[in-house]
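# Architecture at a glance
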Amino acid sequence: MARPVQVLRVFTDGEQGGNYLGVVADTVNIDDRRMQDIAADLGFSETIFIDWQTGEVPHVRIFTPVAELPFAGHPLVGTAWLLLRAGPGGVDRVTCGVGEVRIGSERDRVWIEPPFSQPVRTQKAPPTLGWCAPARAWEVEMPLPYSVWQMDDPEQVGNLRPPPPDLGMTLVWAWTSPPSGVRARFFAPGMGVVEDPATGSAAVALAAVLRSEDMPSGRVRISQGREMGWPSVIDLMWEPDRCRVGGTVMRDEVRELEW
């Protein structure tokens, strides 16, 4: 049976770059194992599967090439774009492994508002495996643990060599124009993603860190993916009890796959 896969680019910089996403909206008779196989075959950092009955809140499941995730930002932003811009509309939220996530759009951008209660702890001796030397380090429960490592300047971020294969999910960042501009890179080799060109969940982790560091509210534009040749822009806004992540989305192609 042939089914369509929408291929989107999320968090684009104008019409350039962004992070590829596969979206499967027809999930009838697709079990967990087949979802994982599809995500591996597509090879994107994430593929999302939408289960939606008319009149209900859509439920989504998110897979990397090797594992399912309870939450990821760029798949949810892509889903928001598909439901609000390309779909029938009338949806203001979805559910995923972390619960309910609000979605919306403003002008050319779509956004998500996930739960914003992630615990943050300082890492006195971060597990860098000798790969880099952050000036400050934190761990954020997303609910999977993310390392968030701040470098002294953006050149240090840009000059990072490929990470060790057993490095955990790690955001490395530096201010470009504090407190509104950040250069970032995200690595998750253990999840089958050596480097990701745009990472919404890591943006939420960064907001949690900044909130914990006496910045109870703020707006930041994150530049990511340039080292990969895929420039991406993530808009991040947070207040004490809420966080929004948004950006632009483009449809790249529609593939027909036999399942």
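Quick summary incoming for the structure in this document. Everything quoted here is computed from the prediction, not taken from an experiment. (Residues numbered from 1 in each chain as written. Predicted model: local features only at pLDDT ≥ 70, side-chain atom pairs only at ≥ 80, totals over all residues. Heavy atoms only, no water.)

### Description of the overall build of the chain
Helix and strand counts for the chain stand at 4 helices and 18 strands. The globule rule puts the C-alpha radius of gyration for 259 residues at 18 Å, and the 17 Å found for the chain is close to it. By its C-alpha atoms, the chain is 50 × 35 × 30 Å across when sized along the principal axes. Within the chain, the fraction of its 259 residues that count as buried is 54%. For the chain, the share of sequence-separated contacts (at least 6 apart) that also reach a separation of at least 24 residues comes to 59%. (Helix = DSSP H or I, 4+ residues; strand = E, 2+ residues; numbered from the N terminus. Rg over C-alpha atoms; globule rule 2.2 N^0.38 Å. Buried < 20%, exposed > 50% of the residue type's maximum accessible area, 1.4 Å probe, protein only. Contact = heavy atoms within 4.5 Å.)

### Looking at the nonpolar core
With 59 residues, the main nonpolar core has Leu 76, Ile 112, Val 148, Trp 173, Ile 222 and Val 245 as its most contacted residues. Ranked by residues supplied to this core, first place goes to helix H4 (residues 200-212) with 9 residues. Setting aside residues no more than four positions away along its own chain, Val 245 makes contact with Phe 11, Val 77, Val 110, Trp 111, Ile 112, Gly 200, Ala 203, Val 204, Ile 234, Asp 235 and Leu 236. (Core = buried A, V, L, I, M, F, W, Y, C linked by side-chain atoms within 4.5 Å.)

### Re the pairing of strand S11 (residues 145-150)
Most of S11 sits inside the fold, with 5 of its 6 residues counted as buried. Joining the antiparallel neighbours strand S10 (residues 136-141) and S11 is a turn of 3 residues. Two strands pair when backbone bridges link them, and S11 and strand S12 (residues 170-177) are joined in this way by 4 bridges, in the parallel orientation. In the strand pairing of S12, Trp 149 is matched with Val 172. (Pairing = 2+ DSSP bridges.)

### A short note on the pattern of salt bridges
Here the structure, examined in full by the defined rule, presents 21 salt bridges. For Arg 61, the salt bridge identified is with Glu 68, shortest N-O distance 2.9 Å. Glu 68 gets classed as partly exposed once you look at its relative accessible area, which sits at 37%. A salt bridge links Asp 235 to Arg 221, with the shortest nitrogen-to-oxygen separation between them at 2.7 Å. Here Asp 235, found in strand S16 (residues 232-239), pairs with Arg 221, found in strand S15 (residues 218-224); they are 14 residues apart in sequence, far enough to count as distant. Look at the salt bridges and you will find they share partners, linking Arg 102, Glu 106, Glu 113, Glu 239, Arg 242 and Arg 244 into a network. (Salt bridge = Lys/Arg side-chain N within 4 Å of Asp/Glu carboxyl O.)

### Brief notes about the environment of Pro 216
With respect to the helices, strands and loops of the structure, Pro 216 is situated in the loop between H4 and S15. For Pro 216 and Asp 241, which are 25 residues apart along the polypeptide, the C-alpha to C-alpha distance reads 9.0 Å. Leaving out residues up to four positions away in the same chain, Pro 216 has contacts with Arg 211, Trp 238, Glu 239 and Pro 240.

### A look at helix H1 (residues 32-42)
Restricting attention to buried positions, one finds in H1 the residues Met 35, Gln 36, Ile 38, Ala 39 and Leu 42. All buried residues of H1 fall inside an arc of 160° around its axis, so they share one side. Opposite the buried face of H1, by more than 90 degrees, sit the exposed residues Arg 33 and Asp 41. Just beyond H1, the residue with positive phi is Gly 43, at close to 80°. (Arc of directions from axis to C-beta.)

### Comments concerning the packing of aromatic side chains
By the definition in use, this model includes 7 aromatic pairs. Between the aromatic rings of Tyr 20 and Phe 44, the centroid separation amounts to 5.6 Å while the plane-to-plane angle is 15°, which identifies the pairing as stacked. Remark: Phe 44 occurs in the loop between H1 and strand S3 (46-51) and Tyr 20 occurs in strand S2 (residues 19-24); sequence separation between them is 24 residues. A relative accessible area of 25% places Tyr 20 in the partly exposed class. With a centroid separation of 6.5 Å and 50° between ring planes, the pair formed by Trp 131 and Trp 149 is classed as tilted. Taken together, the positions of Trp 131 in the loop between strand S9 (120-122) and S10 and Trp 149 in strand S11 put the pair 18 residues apart, joining distant regions of the chain. You'll find Trp 131 and Trp 149 in the same group, each marked buried. Positioned over the ring face of Phe 116 is Arg 211, at 3.8 Å from the centre of the ring. Seen from the ring of Trp 111, Arg 244 lies directly overhead, with NZ or CZ sitting 3.5 Å from the centre. (Phe/Tyr/Trp six-rings, centres within 6.5 Å; stacked < 30°, edge-to-face > 60°. Lys NZ or Arg CZ within 6 Å of the ring centre and 35° of its normal.)

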